[in-house]
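If you want the building blocks of each chain, they are given just below.
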Amino acid sequence: MSLPATIEAITIPHTGDIDVIQKTTIPFPEVKPGDFVIKVEYAGVNFIDTYYRKGLYPYKQFPAVLGKETAGIIVALPTDEAVLNNETFKKQGFAVGGKVAAVGLFLITKNKHEANDVTASLPQDFLGSHATYISVPWTCVYRVPDSVSTKIAAAAALQGLTALTFFEEAYKVQKGDTILVHTVAGGLGLLFAQLGHRVGATVIGTTSTAEKAELAKQNGADHVILYTKEDTVQRVLEITNGKGVDAIFDGVGKDTFDNNFKMIKRKGTIVSVGNASGAVEPFSLFRLVEKNVKLLRPTMNNYVATPEEASYYGNQLFDLVEKGELKIKIFKEYKFTAEDVKQAQRDLTEAGGKTTGKLIIKISD
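Under the annotation held in an unreviewed UniProt entry, the protein carries the name Probable quinone oxidoreductase and is attributed to Panaeolus cyanescens.

## Let's talk about the overall build of the protein
The number of helices and strands found in the protein is 10 helices and 18 strands. In terms of C-alpha radius of gyration, the protein reaches 20 Å, essentially the compact-globule figure of 21 Å for 365 residues. Along the first, second and third principal axes, the C-alpha atoms of the protein reach 65 × 40 × 35 Å. For the protein, restricting intrachain contacts to residue pairs at least 6 apart in sequence, the fraction spanning at least 24 positions comes to 72%. Surface accessibility of the protein: about 16,000 Å² in total, with carbon and sulfur atoms responsible for 50%. If the 41 positive side-chain charges of the protein are averaged to one point and the 41 negative ones to another, these points end up 3 Å apart.

## Examining the pairing of strand β5 (residues 69-76)
Within β5, 6 of the 8 residues are buried, leaving the element largely enclosed by the surrounding structure. As defined by bridge partners, strand β3 (residues 35-45) adjoins β5 across 6 bridges and the pair is classed as antiparallel. Each residue of the ladder has a partner; that of Tyr-42, found in β5, is Ala-71.

## Let's talk about helix α10 (residues 338-349)
The terminal C-alpha atoms of α10 lie 17 Å apart, and with 12 residues this matches the ideal 16 Å at 1.5 Å per residue to within 8%. Taken together, the buried positions of α10 are occupied by Ala-338, Val-341, Lys-342, Ala-344, Gln-345, Asp-347 and Leu-348. Contacts from the buried residues of α10 go to β1 (6-12), β2 (22-27), β3, α1 (47-54), β17 (330-334) and β18 (358-362).

## Focus on unusual backbone geometry
A cis amide bond links Phe-62 to the next residue, Pro-63, at an omega of 0°. Here Pro-63 lies in the loop between α1 and β4 (64-65). Phi is positive for Asn-241, which is not a glycine, with a value near 55°. Relative to the assigned elements, Asn-241 resides in the loop between α7 (232-239) and β14 (245-250). A relative accessible area of 69% means that Asn-241 is categorised as exposed. Of note in this structure, Asn-292 is not a glycine but carries a positive phi near 50°.

## Topic: empty space enclosed by the protein
A complete count under the given rule lists 2 cavities of 30 Å³ or more for this structure. Of the pockets and cavities examined, the largest cavity occupies roughly 110 Å³. Lining the largest cavity we find 13 residues, and of these Gln-92, Phe-94, Val-141, Ala-310 and Ser-311 sit closest to its centre. Every element with two or more residues in the lining of the largest cavity is listed here: α3 (87-92), β10 (141-143) and α9 (307-323).

Calculation rules
- Counting restarts for each chain: residues are numbered from 1 in the order of the written sequence.
- The predicted nature of this model means local features are confined to residues of pLDDT at least 70 and side-chain atom pairs, given and counted, to a pLDDT of 80 or more, with totals for whole chains, interfaces and linings taken over all residues.
- The side-chain values count all of the structure's non-hydrogen atoms but skip hydrogen atoms and water molecules.
- A helix here means a DSSP run of H or I that spans at least four residues, while a strand means a run of E at least two residues long, and both kinds are numbered starting from the N terminus.
- We compute the radius of gyration from the C-alpha atoms alone; for a globule the expected value is 2.2 Å times N to the 0.38, where N is the number of residues.
- Here, two residues are considered to be in contact whenever any of their heavy atoms come within 4.5 Å of each other.
- All accessible areas in this document rest on Shrake-Rupley with a 1.4 Å probe, and a residue is counted as covered only by the protein chains that are shown.
- In this charge count, Lys and Arg are treated as positive and Asp and Glu as negative; neither His nor the chain ends contribute.
- Charged side chains are reduced to one point each, which is NZ for Lys, CZ for Arg, CG for Asp and CD for Glu.
- When accessible area is computed with a 1.4 Å probe and restricted to protein chains, residues below 20% of their type maximum are described as buried, those above 50% as exposed, and intermediate ones as partly exposed.
- By the convention used here, strands pair only if DSSP detects at least 2 bridges between them.
- Expected helix span is given by 1.5 Å per residue-to-residue step, counting one fewer step than there are residues.
- Every definition here rests on a 1 Å grid over the protein atoms only: cavities are sets of points where a 1.4 Å probe fits but cannot get out, pockets are open sets enclosed by protein on both sides within 12 Å along at least five of seven lines, and lining residues have some atom within 4 Å of a point.
- Grid points are joined across faces, edges and corners, and a volume is the space filled by probe spheres set on the points.

Right, here's the structure in full:
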């Protein structure tokens, strides 16, 4: 099919508050020999979108297209013979007209972290998913089974891959473990709860309301703590008979970080998943000594950095979704307008946690 000269996209001209979000017409993206061209049908909304928009993570250039997660239809395959002859590529059975999901990768560079004035490795994005068409490196693309809609695929991709890789490699959750998941009723939290229940772990979660607690329990959480009414540390120690938990998955960041050390057991693992309340402040490594605690701040991208890794986890994710063993809850579907994308980011970041499950944008039919 012939490709248009321009596309519609949700962009920002520079970093800033939510009002910088615009819908604009921009040139069709450069298509490299190793890229898929995808007609986007749905895009996911994630906390990382707000980090980029505010400048916590840097874009390479502006205007920048928002978003890191998408699903749609292949309109052009890579043309690079090395890609087409790659065994992992061939096994996926990609074809024009087929359904795929895509998740943006990171390029790691050294930047000054403004929040704490230390030098850190921060990512740079080269995929903006909030657009009618995208050109994507083939290693970012995941085949979606015919029975799974692009709506569900877009909602599952980034958080599903994060949950699977973190449970396998950041801390391998096993039968008999007891784990704590902060904000367990969010999109990622619900997947953590389901996966923990699936392997036979005891899942403790935190959330803000009784309604969210019930949802978390329906998705596999054994105990849910209302952090707005209960003392989280006290309740976790009560549930674990004072021992603490084997692992903590913390997407909140600044507000919950210190208390994690009170709830982790000896030789336990704290996995810092995200920064919903802000970046964690610098701290002394001696915090780890008291209990020989392991602390990780991983990114999903570094667990799917090779074609083989991406294929392994992508196939595993959509197999679980297709079989109904991993259920994707969608909170709300938003229109492909600047105002709706602004509202999606407001809803996602609202104090006290308004949303449960996944927020998605319908880009096209």
